[in-house]
Amino acid sequence: MRGSVTADATHVFPRFLDLAYPNVERGEGVWLTTVDGRRILDACSGGAMVTCLGHSVPELAAAAAEQAERISYFYNHHFTNGPQERLAERLTEVVAPGMARVRFVSGGSEAVETMVQLARLYHVERGDAERWRVVSPAQAYHGSTMGTLALTGRRALQEPYTPYLADHRHIPPPGRGSDPTGEAALAALDRILEAEGPSIAAFVCEPVGAAALPGHAPPDRFWEGLAERRERYGFLVCFDEVVTGIGRVGSWLAADQLPIEPDIVAVGKALGAGHAPLGAVLCREHVYEAVDRGSREFDLGHTWDGAPLSCAVGLRVLDLLVERDLIARVRERGPRLLEELRAALSGLEIVGEVRGRGYLLGFELVDPRDGESFLPVELDAGALVDDTALEHGLLVTSTHPQADGYAGDQTVFAPAYTSTDEELAEMLERLRATMEDVERRLKERLARGRG
Ligand SMILES: Cc1ncc(COP(=O)(O)O)c(C=O)c1O
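Within each chain, residues carry numbers counting from 1 in the order of the written sequence. With pLDDT at 70 or above as the cut-off, local features in this predicted model cover only qualifying residues; side-chain atom pairs require 80 or more to be listed or tallied, and sums for whole chains, interfaces and linings still use all residues. Calculation of side-chain values draws on the structure's entire complement of heavy atoms; hydrogens and water are dropped beforehand.

## Side note on the side chain of Thr148
Right, on to step 1. For the purposes of this entry, the term helix denotes a DSSP run of H or I that reaches at least four residues, the term strand denotes a run of E that reaches at least two, and both are numbered from the N terminus. Within the secondary structure layout, Thr148 lies in helix H4 (residues 146–149).
Right, on to step 2. Polar side-chain contacts of Thr148 include one of 3.4 Å to the backbone nitrogen of Ser144.
Right, on to step 3. Contacts were defined at the residue level, with two residues in contact if any of their heavy atoms lie within 4.5 Å. Discounting chain neighbours no more than four positions away, the residues touching Thr148 are Ser109, Val112, Glu113, His142 and Gly143. Throughout this description, a polar contact denotes any pair of N or O atoms lying within 3.5 Å of each other; where both atoms belong to protein, one of them has to be capable of donating a hydrogen while the other can accept it, and for residues adjacent in sequence the pair is counted only when both atoms sit in side chains.

Right, dumping it as structure tokens:
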């Protein structure tokens, strides 16, 4: 098997047909190894902020094997199982004591989609069937299904699929640019609520930005204002914690750090930690109660929901996080890691804001000609960062530039919670070398007039 695979040499339908994909065969801790022996240092938890405990964790492999030897799958339409029951109990007692019920799914998009369906059902069950529309900050990512894609306000991302997408509403990302207090975002929300309040079912957002706006956290004033408006207008607040949930920002949920309690939360990635496809939707008692007192059915689901195999892995993930006190490590080490990231990127003319919370850090690229504009979209600088990082044996993930106006190229730095200080230092060193090369290459392209 070749060390990297191109579109013309595979039966796989790759994401990017012009990319040669390194072929990874092993992972250990924060290291990946390709079939031809290249070692890549993983500064983004598998690339998608997933493997919070590192790669190939023996305890998780054992939990999966033990469960698979007993029984790995059956449909939760007919049965339930011990791992599902215990994981729901742990999630509502330890992870999110404010939440009453859990519905398991296989991943983030399914979790967000299910969250929106549950928000809609809540209103229908209460006889308020006019409410269906969602309001969300424009610069976000909530998943790739038609339902979740409709929640982002990134028109360029949605463009080919617009005929399939529901017509939701968007506000500018709170706390960005000329809106440091979030008041402008609240005013935009007010305009929507005044015009169409009775149709608004939910406000959906990432409490701390992940792929689309890495590490960006709206200010407290925004959350307080959102809570006031929920009270006044009767919509639900739904947090997409697919990335932030299960410790990534230094608490079980990002919501734990905010002056607002969401009604429904979606989690994913770190719950299965890359050892099983697993996500979950958690809701507060009053949301469950609406169904309990109403039709007594929330029937929609997916084939793998609540399967014993993935839930057994999820349980072991939670055990390991607690036994190793890893969330406290993220909380305590995070602020210093942000300072170290800032130091590693200092003096680079293409690096703008460096931000983040816990181990969800990121930075934005800017045009070196003025130090603040987004780079021209056609330079595809995010892709250049990712490719150059791989040349330096480093895995980071950048967002694809979109001409939507709210953000330019962004790079995520989100290591495993288990990363040692030496490994973090090595990641930052490789990142510095990467960004120096990227800066040189971008300046050459700009000088040649491309952009
Ligand atoms: C905030 C957020 N929500 C939802 C998703 C979708 O999750 P998945 O890719 O597991 O379907 C992602 C994926 O990156 C995400 O970052």
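## A look at the site of the ligand
Right, on to step 1. Any residue with a non-hydrogen atom lying within 4 Å of a molecule or strand is treated as near it. Around the ligand sit Gly107, Gly108, Ser109, Tyr141, His142, Gly143, Glu206, Asp240, Val242, Val243 and Lys269, and those are all the residues in its vicinity.
Right, on to step 2. In this structure, Ser109 approaches the ligand through a side-chain N or O atom, which is 2.6 Å from an oxygen atom.
Right, on to step 3. Tyr141 has a polar backbone atom sitting 3.5 Å from a nitrogen atom of the ligand.
Right, on to step 4. Contact with the protein chains covers 80% of the free accessible surface of the ligand, which is 390 Å².
Right, on to step 5. Residues are grouped as follows: Ala, Val, Leu, Ile, Met, Phe, Trp, Tyr, Cys and Pro are nonpolar; Asp, Glu, Lys and Arg are charged; every other residue, Gly included, is polar. Looking at side-chain class alone, the shell around the ligand contains three nonpolar, five polar and three charged residues. Here the open area of atoms and residues is found with the Shrake-Rupley method and a 1.4 Å probe, where only the protein chains shown may cover a residue.

## So, the pairing of strand S9 (residues 200–205)
Consecutive residues of a regular strand have side chains that alternate between opposite faces of the sheet.
Right, on to step 1. Exposure classes here rest on a 1.4 Å probe applied to the protein chains alone. A residue is buried below 20% of its type maximum, exposed above 50%, and partly exposed in between. Most of S9 sits inside the fold, with six of its six residues counted as buried.
Right, on to step 2. Summarising the sheet, strand S7 (residues 133–137) and S9 pair through three bridges and their orientation is parallel. For Val134, the partnering residue across the bridge sits in S9 and is Ala202.
Right, on to step 3. Where S9 meets strand S10 (residues 236–241), four bridges bridge the pair, whose relative direction is parallel. Following the sheet pairing, Val204 is matched in S10 by Cys238.
Right, on to step 4. We call a crossover right-handed when, viewed with both strands directed away from the observer, the connection leading from the first strand over the helix to the second proceeds clockwise. With helix H7 (residues 220–233) bridging S9 and its parallel neighbour S10, the resulting β-α-β unit is right-handed. Paired strands, as defined in this entry, are two strands with at least two bridges between them according to DSSP.

## Notes on the sheet that holds strand S4 (residues 31–34)
Right, on to step 1. Here four strands make up an open sheet; going across it, the order is S3-S4-S5-S15 and the pairing mixed. This sheet does not close on itself; its edge strands, each paired only once, are strand S3 (24–28) and strand S15 (394–395).
Right, on to step 2. Sheet topology note: the S3/S4 ladder contains four bridges and is antiparallel. Residue pairing for S4: Glu28 is matched across the bridge by Trp31.
Right, on to step 3. Whenever a helix is involved, its axis is fitted only over the stretch in contact; in every case the axis is a line through C-alpha atoms, and angles between N-to-C directions fall within 0 to 180 degrees. Docked against the sheet, helix H13 (residues 421–447) engages S4, strand S5 (39–42) and S15, running at close to 105 degrees with respect to S5.

## Quick notes on empty space enclosed by the protein
Right, on to step 1. Grid points spaced at 1 Å over the protein atoms alone were grouped into cavities, where a 1.4 Å probe fits but cannot get out, and pockets, open sets with protein on both sides within 12 Å along at least five of seven lines, with lining residues defined by an atom within 4 Å of a point. Grid points are joined across faces, edges and corners, and a volume is the space filled by probe spheres set on the points. In the structure shown here, the tally under the stated rule is two cavities of 30 Å³ or more.
Right, on to step 2. The calculated volume of the largest cavity comes to roughly 110 Å³.
Right, on to step 3. Around the largest cavity, the lining residues are Pro137, Gln139, Ala140, Pro173, Pro174, Cys205, Glu206, Gly209, Leu213, His216, Pro218 and Trp223.
Right, on to step 4. Tallied by class, residues from the lining of the largest cavity come to eight nonpolar, three polar and one charged.
Right, on to step 5. What lines the second largest cavity is Gln139, Arg154, Thr399, His400, Gln402, Asp404, Ala407 and Gly408.
Right, on to step 6. Residue composition of the lining of the second largest cavity, grouped by class: one nonpolar, five polar and two charged.

## Details of helix H10 (residues 308–323)
Right, on to step 1. What a helix is expected to span follows from its residue count: subtract one and scale by 1.5 Å. The terminal C-alpha atoms of H10, which comprises 16 residues, lie 22 Å apart, in line with the 22 Å expected from a rise of 1.5 Å per residue.
Right, on to step 2. Regarding H10, the residues found buried are Pro308, Ser310, Cys311, Ala312, Val313, Gly314, Leu315, Val317, Leu318, Leu320 and Leu321.
Right, on to step 3. Looking at the buried side of H10, the elements it contacts are helix H1 (58–70), helix H2 (82–95), strand S6 (101–105), helix H8 (269–272) and helix H11 (326–345).
Right, on to step 4. At the exit of H10 stands Asp325, carrying a positive phi of roughly 50 degrees.

## Details of unusual backbone geometry
Right, on to step 1. In this structure, Ser45 is a non-glycine residue whose phi angle is positive, near 50 degrees.
Right, on to step 2. Inspection of the secondary structure puts Ser45 in the loop between S5 and H1.
Right, on to step 3. One non-glycine residue, Arg296, lies in positive phi territory at about 60 degrees.
Right, on to step 4. Along the chain, Arg296 turns up in the loop between helix H9 (285–293) and H10.

## Quick notes on the packing of H11 against H13
Right, on to step 1. At a closest axis distance of 10 Å, the pairing of H11 and H13 adopts a crossing angle of 30 degrees. Between H11 and H13, the interaxial angle falls into the category roughly parallel. The interaxial crossing formed by H11 with H13 has right-handed handedness. Within the contact between the two elements, H11 uses Arg329, Arg333, Leu337, Glu340, Leu341, Ala344 and Leu345 and H13 uses Asp421, Leu424, Leu428, Leu431, Arg432 and Met435. By definition in this entry, angles of less than 35 degrees are roughly parallel, angles greater than 145 are roughly antiparallel, angles of 65 to 115 are roughly perpendicular, and the rest are oblique. We call a crossing left-handed when the near helix sits turned anticlockwise from the far one by less than a right angle, and right-handed when that turn is clockwise.

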